[in-house]
Amino acid sequence: MATGTLDPSTPKEVQGSSASNNRTSRSSSNIHEREKQMVASVRSPTHRHLNPFVITERPEEKQLGISARQLSVKDFVLLKTLGTGTFARVWLVRPQDEKAKRDKVYALKILRKADVIKLKQVEHVRNERRTLADVSGHPFITTLIASFSDSQSLYMLLDYCPGGEIFSYLRRARRFNENTSRFYAAEISMTIEFLHDVEGVVYRDLKPENILLDADGHIKLVDFGFAKQVGDRETYTLCGTPEYLAPEVIHNSGHGLAVDWWALGILIYEFLVGQPPFWDQNPMRIYEQIVEGRIRFPQNMSPAAQNIISLLCKTNPSERLGHISGGSARVKSHPFFSDINWDDLFYRRVKGPIIPRVDHPADTGNFEEYPDPDLKGQNIYTDDMRSKYEALFSDF
């Protein structure tokens, strides 16, 4: 299955981060309060600026998402490429400082300023950094530890997720069973709930390639290049992956938070079947199928799974589960999730159904091999560009 993006200049980031219990009921408001408290405790403010290399070891004091102007790429040893895009490359790195633990590794996302400008991705990059800083600390979102910049590049220092893409496991297995699909759909639902209800952020790029697994088999959502804070407003930017686009994005009639719930329905279907419900070699035919909205279900798919997919993939966003009255709580109370203990899930008290093989903290065996970067062909961030755009990169 090809999964290109509408905008050919948009990167497919492989490593943005660096990849059933008894049911308990609780109100949506209680969920939100607990999530707020949990995230606040992880990124509690402090007056001291900590060395980012000890941040992950002292969570009670850490500041996440800070602009660390004292940092430089020279502070790190670049070990291996984890993913590439048209204007970004993600490296596995370790601190250059010999006093730091040798097994302490991170993912460093490097974005060339000149390429970001030439490909008209400035606003996407700014949105990504801003959003990651706001949501750092959530258990299922890649953690932005710090950001910094130099004369040619922007940098985001992220936690390393050694399990790799869930996409790789899905392709290897061909399809997931319902218990596995339900577990990961539940973690994604909680992540969407947090982004929407707490931060007012629409993610807009949900797909298996943007979901990594950590060493315990839990998800980490990565690549926030399309994320945008919209609240209850609408936006008109045409972006995303063809198979996962909601009808209102294709119509360009304005879209909001509801597009993520549509994508969740598509994702559950792909988990269970092995391919998305709308697919064709011709992207235009994919769009026609999406707008038509007819989903064909295999006979062996459970009624609960068919029902939640149908409700999430309503072509009219005002009728879509997750966006209708009751919001995310209605999604989580659906019979498809009847065996999920949401508290245990959020606090990671259970291991995931897929436990990646990770032999040591710097193990990259779950990622593809990438050629070394072509240093000769790189665009230069000129003085003229700097005079026009440098102020826009001040957050880094």
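Everything numeric in this text was worked out from a predicted model, so none of it was measured.

Student: Help me understand the overall build of the chain in this model?
Tutor: Broken down by element type, the chain carries 13 helices and 10 strands. Counting over 396 residues, the chain shows a buried share of 57%. As presented, the chain carries roughly 17100 Å² of accessible surface, and 47% of it is formed by carbon and sulfur atoms.

Student: Looking at this structure, I do not really get the sheet that holds strand β2 (residues 76–84). What am I missing?
Tutor: Backbone-to-backbone hydrogen bonds join strands into a sheet, with any given pair of strands oriented parallel or antiparallel. Reading across from one edge, β1-β5-β6-β4-β3-β2 is the order of the six strands in this open sheet, with mixed pairing throughout. The open sheet has two edge strands, β1 (66–67) and β2, and neither has a second partner. As paired strands, strand β4 (residues 106–112) and strand β6 (residues 153–159) are joined by seven bridges and run antiparallel to one another. Bridge assignment links Tyr 106 to a residue of β6, and that residue is Asp 159. Docked against the sheet, helix α4 (residues 122–135) engages β1, β4, β5 (144–149) and β6, running at close to 30° with respect to β6.

Student: Can you help me understand the environment of Glu 209 in this one?
Tutor: Counting through the fold element by element, Glu 209 comes out in the loop between β7 (201–202) and β8 (211–213). The spatial distance from the C-alpha of Glu 209 to the C-alpha of Glu 165 is 5.7 Å, given a sequence separation of 44 residues.

Student: So what exactly am I meant to see when it comes to the nonpolar core here?
Tutor: Note that soluble globular proteins tend to have their nonpolar side chains buried in a common cluster. Of all hydrophobic cores here, the largest spans 89 residues; its most connected members are Ile 188, Leu 195, Leu 206, Leu 264, Ile 268, Ile 309 and Phe 337. Among the elements that make up this core, the one with the highest residue count is helix α8 (residues 258–273) (12 residues). Domain assignment of the residues forming this core places at least three in each of domain 1 (43–162 + 361–391) and domain 2 (165–347). Contacts of Leu 264, omitting those with residues within four sequence positions, involve Ala 185, Ile 188, Ser 189, Ile 192, Leu 206, Leu 312 and Val 331. In terms of nonpolar packing, the next biggest core, distinct from the first, is built from 15 residues, Ile 66, Ile 110, Ile 145 and Leu 157 among them.

Student: I keep staring at the pairing of β6 and nothing clicks. Help me out?
Tutor: Across the seven residues that make up β6, a large majority, seven, are buried. Sheet analysis places β5 next to β6, joined by five bridges and oriented antiparallel. Bridging across to β6, Ala 146 finds its partner in Leu 157. Counting the residues that bridge the hairpin from β5 to β6 gives three residues.

Student: How should I be thinking about α8 in this particular structure?
Tutor: One full turn of an α-helix is made of 3.6 residues, so residues set three or four places apart face in the same direction. Compared with the 22 Å implied by 1.5 Å per residue over 16 residues, the 23 Å span of α8 between its first and last C-alpha is a close match. Within α8, 16 of the 16 residues are buried, which leaves it mostly tucked inside the rest of the structure.

Student: What am I meant to see in the environment of Leu 264 here?
Tutor: Residue position: Leu 264 is located in helix α8. For Leu 264, a relative accessible area of 0% gives the class buried.

Student: Please explain the UniProt feature "binding site: ATP" (unreviewed entry) in the chain as it appears in this structure.
Tutor: Following the UniProt record, one finds the feature "binding site: ATP" (unreviewed entry) at Lys 109. With respect to the element layout, Lys 109 can be found in strand β4. Lys 109 gets classed as buried once you look at its relative accessible area, which sits at 2%. Within the local environment of Lys 109, its side chain forms a polar contact with the side chain of Glu 128, the two groups lying 2.8 Å apart.

Student: How should the layout of surface pockets be read in this particular structure?
Tutor: One simple way to see leftover space: roll a probe sized like a water molecule over the atoms. Estimated volume of the second largest pocket: approximately 470 Å³. The class makeup of the residues in the lining of the second largest pocket is nine nonpolar, seven polar and four charged.

Student: I would appreciate a short explanation of helix α5 (residues 166–173) in the present structure.
Tutor: Taken as a whole, α5 has its buried residues at Ile 166, Phe 167, Tyr 169 and Leu 170. Down the axis of α5, the buried side of the element spans an arc of 165°, and every buried residue falls inside it. Contact partners of the buried residues in α5: α6 (178–198), β8 and α8.

Student: How should I be thinking about the packing of aromatic side chains in this particular structure?
Tutor: Each aromatic ring pair is specified by the distance between its two centres and by the angle formed by the two planes. For the structure shown, the criterion picks out 12 aromatic pairs. Geometrically, the ring pair formed by Tyr 381 and Phe 393 is tilted, given 6.4 Å between the ring centres and 55° between the ring planes. One end of the pair, Tyr 381, is in the loop between α12 (342–346) and α13 (383–389); the other, Phe 393, is in the segment after α13, with 12 residues separating them in the sequence. Given the relative accessible area of 2%, Tyr 381 is considered buried. An aromatic cluster of at least three residues, connected via ring pairs, comprises Phe 76, Phe 148 and Tyr 155. Lying across the ring of Tyr 169, Arg 172 places its NZ or CZ 5.1 Å from the centre. Over the aromatic face of Trp 342 sits the side chain of Lys 332, whose NZ or CZ is 4.9 Å from the ring centroid.

Student: Sorry, what's going on with the side chain of His 218 here?
Tutor: As for its position among the elements, His 218 is in the loop between β8 and β9 (219–221). For His 218, a relative accessible area of 1% translates into the label buried. At a separation of 2.5 Å, a polar atom in the side chain of His 218 contacts the side chain of Glu 187. Setting aside anything within four residues of it in sequence, one finds His 218 in contact with Phe 140, Phe 183, Glu 187, Leu 212, Leu 213, Arg 348, Val 350, Lys 351 and Gly 352.

Calculation notes
- Residues numbered from 1 in each chain as written.
- Predicted model: local features only at pLDDT ≥ 70, side-chain atom pairs only at ≥ 80, totals over all residues.
- Heavy atoms only, no water.
- Helix = DSSP H or I, 4+ residues; strand = E, 2+ residues; numbered from the N terminus.
- Buried < 20%, exposed > 50% of the residue type's maximum accessible area, 1.4 Å probe, protein only.
- Areas by Shrake-Rupley, 256 points an atom, 1.4 Å probe, with all protein chains shown as cover.
- Pairing = 2+ DSSP bridges.
- Contact = heavy atoms within 4.5 Å.
- Axes fitted to C-alpha atoms, helices over the stretch in contact; angles between N-to-C directions.
- Core = buried A, V, L, I, M, F, W, Y, C linked by side-chain atoms within 4.5 Å.
- Domains from an automatic or database assignment.
- Expected span 1.5 Å × (residues − 1).
- UniProt positions renumbered as here; feature names shortened; annotations may be inferred.
- Polar contact = N/O pair within 3.5 Å; in protein donor to acceptor, adjacent residues only side chain to side chain.
- 1 Å grid on protein atoms, 1.4 Å probe; cavity = no way out; pocket = protein on both sides within 12 Å on 5 of 7 lines; lining within 4 Å.
- Points joined across faces, edges and corners; volume = space filled by probe spheres on them.
- Nonpolar A, V, L, I, M, F, W, Y, C, P; charged D, E, K, R; others polar.
- Arc of directions from axis to C-beta.
- Phe/Tyr/Trp six-rings, centres within 6.5 Å; stacked < 30°, edge-to-face > 60°.
- Lys NZ or Arg CZ within 6 Å of the ring centre and 35° of its normal.

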